[in-house]
Amino acid sequence: MAAAITRDESDYDSSSSSITIPDSSRSWMSNLSFGSRRSSVSLCSVETSLYSSHKPHKANQAPWEAMKRLRRAIGQVGLDHFRLLRRLGSGDIGNVYLCQIRNPVVGLPQCFYAMKVVDREALAIRKKLQRADMEKDILGMLDHPFLPTLYAEFDASHYSCLVMEYCPGGDLYAARQRQPEKRFSISSAKFYAAETLLALEYLHMMGIVYRDLKPENVLVRGDGHIMLSDFDLSFKCDVVPKLLRPIPNLEDTEKYDKNCLTPSCATPMQPVLSCFSSSNGKKKTATVTTITEQADCQKFDPELVAEPINAKSKSFVGTHEYLAPEVISGQGHGSAVDWWTLGVFLYEMLYGRTPFKGENNEKTLINILRQPLTFPRFSVNSSKQLEEMVKVEDLISKLLMKNPKKRIGSLKGSVEIKSHEFFKGVNWALIRSVRPPEVPSDLYKIRKAHLPKLSKEERDAPYQIPRHFDYF
Ligand SMILES: Nc1ncnc2c1ncn2[C@@H]1O[C@H](COP(=O)(O)OP(=O)(O)OP(=O)(O)O)[C@@H](O)[C@H]1O
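Residues numbered from 1 in each chain as written. Predicted model: local features only at pLDDT ≥ 70, side-chain atom pairs only at ≥ 80, totals over all residues. Heavy atoms only, no water.

Named according to an unreviewed UniProt entry, the protein chain is non-specific serine/threonine protein kinase originating from Durio zibethinus. The record held by UniProt for the protein chain lists under Sequence similarities (unreviewed entry) the comment "Belongs to the protein kinase superfamily. AGC Ser/Thr protein kinase family." (UniProt positions renumbered as here; feature names shortened; annotations may be inferred.)

Here's what the structure looks like:
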């Protein structure tokens with residue numbers, strides 16, 4: 001079990017930490033390090049594989065093009081092709097640096113990248129190497145506007161380096177600290193929750209359960225939209241899409257042609273989804289693959305669920321205040337843990353604290369298991385705001401159901417949450433075009449002022465692999 005970094009709101013430095021507990025030694029409370037506000041816990045052994053490096057979402061963007069041209073010109077990209085400008089932050093498994101390609105690519109603007117540097121030797125000693133490898137595998141698979149793009153990855157001496165998209169806007173924890181009363185408005189919270197939900201939906205469809213949602217891991221891009229970061233606690237599983245067949249009640253069926261409910265109404269069995277590769281690279285197809293095309297039958301249309309609803313892990317993973325009850329009790333957990341954490345995340349954004357926080361981590365865990373959910377009372381300015389508050393509290397209550405089987409999202413996945421009243425009016429397909437609550441250029445100035453800079457001499461010096469990356 002690794003030590004956790006203690007962090008209070010007052011001395012926040014944008015880093016968060018994780019704890020690893022071997023399954024064999026897990027007696028849930030006795031083995032935890034109860035000192036950290038945001039410590040996480042993990043052990044999971046999952047098959048991994050690096051997926052395609054084809055990223056249609058980034059293909060026409062300068063950072064991707066620059067990297068492509070660099071690769072074409074020099075072959076394998078390495079550490080000496082980058083200039084590290086400053087450290088952006090550090091976490092439990094690595095340091096993240098702002099960097100640029102050392103020799104600008106002709107005809108393209110100089111782009112910034114974030115490079116996560118992990119000391120593999122140090123991690124091996126701490127038995128956390130597997131987490132770094134999992135993160136690399138997962139980053140390699142992603143291609144989504146609210147998830148990081150992995151531009152390059154290479155080893156340099158005993159360091160592993162991941163070159164990712166850079167987010168100049170800091171994280172949502174820091175952003176919340178800047179809000180009046182350290183709370184986001186309902187509309188801002190809705191925006192961030194909606195984008196986060198889309199990112200989680202995509203991850204689930206890729207067979208990834210994220211497990212570490214918290215405001216510190218939600219970064220703000222240059223355009224103010226979000227990017228989920230930090231995948232070293234995630235787990236991967238195979239996704240086998242399912243078709244849920246509703247069981248109509250008799251009253252409904254009488255209004256419809258009874259034939260609609262017979263197999264003859266449906267088109268012959270045909271593959272619906274075959275886009276999910278298993279870890280050995282073979283295609284997976286849906287197990288139930290019948291879709292009816294007759295409009296009259298629509299009410300009884302089966303629904304496709306392409307998320308790993310039944311995936312199960314027994315790892316003790318997450319961040320104390322964000323741990324789902326089923327993770328704490330060790331009964332096995334699946335993608336529903338991400339819906340629990342979405343509830344805690346929404347609560348924290350709106351109320352400025354998490355719902356079950358106790359005096360220490362042990363009490364927090366007891367509260368998560370036993371304490372009923374309550375909401376602080378704040379004065380509202382209008383009936384519209386009151387209405388929104390009622391809706392969001394209803395959604396949070398459904399996300400924070402202690403029984404994962406009763407939790408919203410546990411049956412059909414994200415679609416249940418997206419159709420909740422609180423999100424009514426959200427244009428899911430075009431949310432990328434919505435103006436975000438904060439513009440990052442100002443945030444960048446604030447952040448820049450607080451970051452240690454490398455001297456000109458350091459920046460211009462020929463690159464040498466450092467003995468220490470200023471690691472621990
Ligand atoms: N793409 C990025 N753009 C800007 N800053 C970043 C980026 N990625 C990470 N950071 C900064 O670096 C810090 C550490 O990164 P990260 O959380 O990935 O490290 P970690 O060692 O995996 O942390 P954890 O202890 O949470 O597992 C973050 O808190 C964030 O402030």
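## Looking at the overall build of the protein chain
The helix and strand tally for the protein chain stands at 13 helices and 15 strands. The buried share of the protein chain, taken over its 472 residues, is 55%. For the protein chain, the accessible surface area stands at approximately 21700 Å², while carbon and sulfur atoms represent 53% of it. (Helix = DSSP H or I, 4+ residues; strand = E, 2+ residues; numbered from the N terminus. Buried < 20%, exposed > 50% of the residue type's maximum accessible area, 1.4 Å probe, protein only. Areas by Shrake-Rupley, 256 points an atom, 1.4 Å probe, with all protein chains shown as cover.)

## Quick notes on the nonpolar core
Judged by nonpolar contacts, the single largest core of 68 residues is most densely connected at Leu228 and Phe423. The greatest single-element share of this core, amounting to 12 residues, is contributed by helix α5 (residues 186–205). Taken domain by domain, this core gets at least three of its residues from each of domain 1 (58–166) and domain 2 (167–247 + 301–440). (Core = buried A, V, L, I, M, F, W, Y, C linked by side-chain atoms within 4.5 Å. Domains from an automatic or database assignment.)

## Things to note about the packing of aromatic side chains
Taken as a whole, this structure holds 15 aromatic pairs when the rule is applied. Between Tyr347 and Phe375, the ring centres sit 5.7 Å apart and the planes meet at 25°, which makes this aromatic pair stacked. Pair noted here: Tyr347 is in helix α8 (residues 336–351) and Phe375 is in the loop between α9 (361–370) and α10 (383–399), with a separation of 28 residues, a long-range link. Taken individually, Tyr347 and Phe375 each receive the classification buried, so the pair is uniform in this respect. Grouped by ring-pair contacts, the aromatic residues Trp64, Phe82, Tyr113, Tyr151 and Phe154 constitute a single cluster. A cation over a ring is seen here: Lys418 above Trp428, with NZ or CZ 5.5 Å from the ring centre. (Phe/Tyr/Trp six-rings, centres within 6.5 Å; stacked < 30°, edge-to-face > 60°. Lys NZ or Arg CZ within 6 Å of the ring centre and 35° of its normal.)

## Some details on the state of the cysteines
In the structure shown here, the tally under the stated rule is zero disulfides. Left without a disulfide partner, Cys99 is nearest to the cysteine sulfur of Cys161, which lies 9.2 Å away. With no disulfide partner, Cys111 has as its closest neighbouring cysteine sulfur the one in Cys99, 11 Å distant. Accessibility expressed as a relative area gives 7% for Cys111, which makes it buried. (Disulfide = S-S within 2.5 Å.)

## A word on the domain arrangement of the protein chain
Entries for the protein chain in the domain assignment read domain 1 (58–166) and domain 2 (167–247 + 301–440). Taken together, the contacts link 19 residues of domain 1 with 22 residues of domain 2. Each partner contributes to the roughly 1900 Å² buried at the junction of domain 1 and domain 2, and carbon and sulfur atoms together form 67% of this total. Among the residues domain 1 hides against domain 2, the three largest losses belong to Met141, Phe146 and Tyr166. Together they make up 35% of the total. Counting across the interface, domain 1 meets domain 2 through three salt bridges. Residue Arg221 is joined to Glu165 by a salt bridge in which the shortest nitrogen-to-oxygen separation is 2.2 Å. (Contact = heavy atoms within 4.5 Å. Buried area = accessible area lost by both parts, 1.4 Å probe. Salt bridge = Lys/Arg side-chain N within 4 Å of Asp/Glu carboxyl O.)

## Comments concerning α9
Among the residues of α9, those classed as buried are Asn361, Thr364, Leu365, Asn367 and Ile368. Seen along its axis, α9 keeps its buried residues to an arc of 160°; they face one direction. Next to the buried residues of α9 lie α7 (325–328) and α8. One side-chain oxygen of the residue at the start of α9 lies 3.1 Å from the amide nitrogen of Glu362, identifying that residue as Asn360. (Arc of directions from axis to C-beta. Polar contact = N/O pair within 3.5 Å; in protein donor to acceptor, adjacent residues only side chain to side chain.)

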